[in-house]
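# Descriptive structure summary
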Amino acid sequence: MRTVFVGPPGSGKGTQARLLAERFGYDVIGTGDLLRAAVADGSTHGKIAGQAMARGELVSDAVVNEIVHDYFLRPNRPANFVLDGYPRTVAQAEYLTRTLAETRIPLDRVIYFTVAVEELVRRIDGRRQAENRLDDNAEAVRQRMVTYEELTRPVVDYYRAAGLLAEVPATGDVEAIHRRVVELLK
Ligand code: AMP
């Protein structure tokens, strides 16, 4: 199965991607994690990315597309993967479609995690206390929500039009959500 997870910040995509990796051997490509690693390395890419991330804005399509392109052109790329947090713009989605067409590995499904806004704010607040992420300050969180609405929500429409979208209500117990995801990937 080749799948994309899309949903607002705090919708639990990352947790669900990790469960698929642990239990079913999926390879997870999380652009947020890869970018945080680049920031920690102190590379030029990392420095530019870190500034956008700290403000809750998106890193440029060019930088993120390059990361994803490198991943898919590896000779030993896995048969089952989850893209977590990519694509986040329609331009990224179009780029991904072209890249996967080149490598002849089209997507099977896109899982869209839906959660009420009040619940998202509560979850991100909890995570801020637990993880101390550089972009979990109140202003960056607000900006990430705005960015999501403006730039990422159209990605949901892009995949709906392509007939690939499946919606998962991402509220309630982590295990229950996991079971819903597994059903949709059958
Ligand atoms: P995440 O861990 O997925 O919530 O991502 C954290 C931050 O990394 C985001 O708020 C963006 O600044 C940046 N980021 C992650 N993925 C992307 C992407 N696909 N395009 C642009 N920026 C991204």
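As a starting point, this report considers the structure included with it. (Residues numbered from 1 in each chain as written. Predicted model: local features only at pLDDT ≥ 70, side-chain atom pairs only at ≥ 80, totals over all residues. Heavy atoms only, no water.)

## Considering the pattern of salt bridges
Rule in force here: Criterion for a salt bridge: a side-chain nitrogen of Lys or Arg within 4 Å of a carboxyl oxygen of Asp or Glu. Where helices and strands are cited, they refer to DSSP runs of H or I of at least four residues and of E of at least two residues respectively, numbered from the N terminus. Only protein chains enter the accessibility calculation, which uses a 1.4 Å probe; a residue is then buried when its area is under 20% of its type maximum, exposed when over 50%, and partly exposed in between.
Throughout the structure, instances matching the rule amount to nine salt bridges. Here Arg-153 and Glu-149 are joined by a salt bridge, their closest N and O atoms 2.7 Å apart. Of this pair, Arg-153 and Glu-149 are both found in helix α7 (residues 138-161), four residues apart, which corresponds to roughly one turn of the helix. A relative accessible area of 32% places Arg-153 in the partly exposed class. On the accessibility criterion, Glu-149 (41% relative accessible area) is partly exposed.

## A few points about the sheet that holds strand β3 (residues 81-84)
Rules: In this description, strands pair whenever DSSP reports at least two bridges between them. Axes here refer to lines fitted to C-alpha atoms; in helices the fit is confined to the stretch in contact. Angles between the N-to-C directions go from 0 to 180 degrees. We call two residues in contact when some of their heavy atoms are within 4.5 Å.
Ordered in space as β2-β3-β1-β4-β5, the five strands form an open sheet in which the pairing is parallel. Looking at which strands have only one partner, the edges of the open sheet turn out to be β2 (27-30) and β5 (165-169). Neighbour to neighbour, the strand axes of the sheet diverge by 25° on average, direction disregarded. Sheet topology note: the strand β4 (residues 109-114)/β5 ladder contains five bridges and is parallel. Looking at the pairing, Phe-113 lines up with Val-168 of β5. Strands β2 and β3 of the sheet are contacted by helix α2 (residues 31-41), whose axis makes an angle of about 60° with β2.

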